[in-house]
Amino acid sequence: MAMKIVVTGGAGYIGSHAVHTLVEEGFDVVVVDNLSRGHQVAVDRRARLVVMDLHETERLARVLEGAAAVWHFAAWSVVSHSVHDPLAYWDMNVTGSVSLLRAMHSAQVKRLVFSSTAATYGIPKSLPIREDAPQAPINPYGQTKLAVERAIADLQGADPEFSATILRYFNVVGCAFGLGEDHRPETHLVPILLQAAAGLRDHFAIFGDDYPTPDGTCVRDYVHVADLVKAHRLALAAMEPGDRRVYNVGLGAGWSVRELVATTRAVTGRDFPVRVKARRSGDPPALVTDPTRITRELGWSPRHRDIADAIASQWSWMLENPEGWRRLEEVPA
């Protein structure tokens with residue numbers, strides 16, 4: 001019998017890539033998603049989709065029965081939105097995750113791979129960032145993810161058999177398996193750049209060019225979505241009862257916003273206006289990881305290291321799907 005894996009947020013950008021990979025490898029995959037941010041058409045049809053909210057603890061426990069593990073992607077993740085509506089993030093990210101942990105406890109599911117974020121580090125004192133760096137988030141999004149990390153640790157203190165691997169993502173890019181990135185409204189940097197290149201936006205905005213970085217714009221570490229899913233697979237395979245593991249997932253290299261503008265122009269062959277605007281609250285100047293631990297302990301080795309290739313894969317998907325998933329969503333199944 002195939003191993004059952006429950007994927008929360010499996011209709012989203014990263015989650016849909018994870019679901020496809022698990023199905024391809026023969027797992028019995030159940031997707032839990034309320035479709036508030038995800039897309040039903042992005043879910044592999046070989047998986048079972050349960051449309052529900054994480055706050056439905058008792059129903060969630062029934063869905064989890066017989067599962068070997070949970071991959072927990074479901075969350076809201078826009079820093080600027082979290083600053084303006086923090087309580088919504090505490091409700092979705094923290095209360096929803098606590099409900100999931102309760103349901104896992106009730107269903108006796110003992111293995112969890114949790115999607116956390118580099119935003120828990122806040123403004124790091126040194127780069128690259130190791131997993132033991134101080135966690136001092138500067139925005140509600142990072143604070144909620146750190147709160148969930150602590151809830152997981154507390155549960156492990158009460159249940160020594162509960163295993164959890166926390167993956168702290170840096171920025172995620174790229175497309176694979178015919179899947180793409182489609183948020184409404186779009187808030188992620190690379191698809192916004194590509195929308196500007198496609199003429200779907202009248203300009204691209206750089207929020208702050210006076211940061212303490214080489215060109216004054218924010219620097220981020222980017223990891224290809226397929227390599228990120230690989231990290232989840234390796235984490236699941238390595239998991240033993242009572243494991244408490246934390247890994248940063250990134251390339252150990254950073255690209256500035258201006259560098260991404262130049263790369264996008266080169267990849268697409270299109271120019272577009274760029275305007276510099278005021279800084280956004282909650283944006284650290286630079287986030288770059290030290291991936292030594294995940295490489296050493298899990299043997300993780302990313303295949304996609306060229307940021308231009310990742311952007312090219314997203315550009316190809318956008319050209320094929322100029323309206324994102326909308327066109328397919330409007331076609332009767």
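Look a little higher up for the structure.
Scoring rules and cut-offs
Residues numbered from 1 in each chain as written. Predicted model: local features only at pLDDT ≥ 70, side-chain atom pairs only at ≥ 80, totals over all residues. Heavy atoms only, no water. Helix = DSSP H or I, 4+ residues; strand = E, 2+ residues; numbered from the N terminus. Pairing = 2+ DSSP bridges. Axes fitted to C-alpha atoms, helices over the stretch in contact; angles between N-to-C directions. Contact = heavy atoms within 4.5 Å. Phe/Tyr/Trp six-rings, centres within 6.5 Å; stacked < 30°, edge-to-face > 60°. Buried < 20%, exposed > 50% of the residue type's maximum accessible area, 1.4 Å probe, protein only. Lys NZ or Arg CZ within 6 Å of the ring centre and 35° of its normal.

Asker: What's the story with unusual backbone geometry in this structure? I'm lost.
Answerer: Excluding glycine, residues mostly have negative phi values, and the peptide bonds linking residues are mostly trans. In this structure, Pro128 follows Leu127 across a cis peptide bond, with omega equal to -5°. Within the element layout of this structure, Pro128 appears in the loop between strand S5 (111-117) and helix H5 (140-158). Residue Pro185 follows Arg184 across a cis peptide bond; omega there is 0°. Note that Pro185 resides in the loop between strand S7 (171-173) and helix H6 (189-197). For Leu35, which is not a glycine, the phi torsion comes out positive at approximately 60°. In the Ramachandran plot, Gln108 falls in the positive-phi region, its phi being about 60° despite a non-glycine side chain. Here Gln108 shows up in the loop between helix H4 (86-107) and S5.

Asker: Help me out: how do you make sense of the sheet that holds strand S3 (residues 48-51) in this one?
Answerer: The strand order S3-S2-S1-S4-S5-S6-S11 describes an open sheet built from seven strands, whose pairing is parallel. The open sheet terminates on both sides in strands that have one partner only, identified here as S3 and strand S11 (244-249). Across this sheet, the average inter-strand angle for adjacent strands is 20°, counted without regard to direction. When strand S4 (residues 69-72) meets S5, the two strands line up parallel, connected through three bridges. Among the inter-strand pairings, Trp71 is bridged to a residue of S5, identified as Val113.

Asker: What's the story with the environment of Ile138 in this structure? I'm lost.
Answerer: The topology assignment puts Ile138 in the loop between S5 and H5. With 15 residues separating them along the chain, Ile138 and Ile123 place their C-alpha atoms 7.4 Å apart. Residue contacts for Ile138: discarding those within four places in its chain leaves Gly122, Ile123, Gln143, Gly282, Asp283 and Pro284.

Asker: Sorry, what's going on with the packing of aromatic side chains here?
Answerer: Describing an aromatic ring pair means giving the distance of the ring centres and the angle of the ring planes. Inspection of the entire model under this criterion finds four aromatic pairs. Seen from their ring centres, Trp76 and Tyr89 are 5.7 Å apart, and the 70° between their planes marks the pair as edge-to-face. With Trp76 in the loop between S4 and helix H3 (79-84) and Tyr89 in helix H4, this residue pair connects regions lying 13 residues apart in the sequence. Across this residue pair, the class does not change: Trp76 and Tyr89 are buried. A cation sits over an aromatic face here: Arg279 above Tyr211, 4.0 Å from the ring centre.

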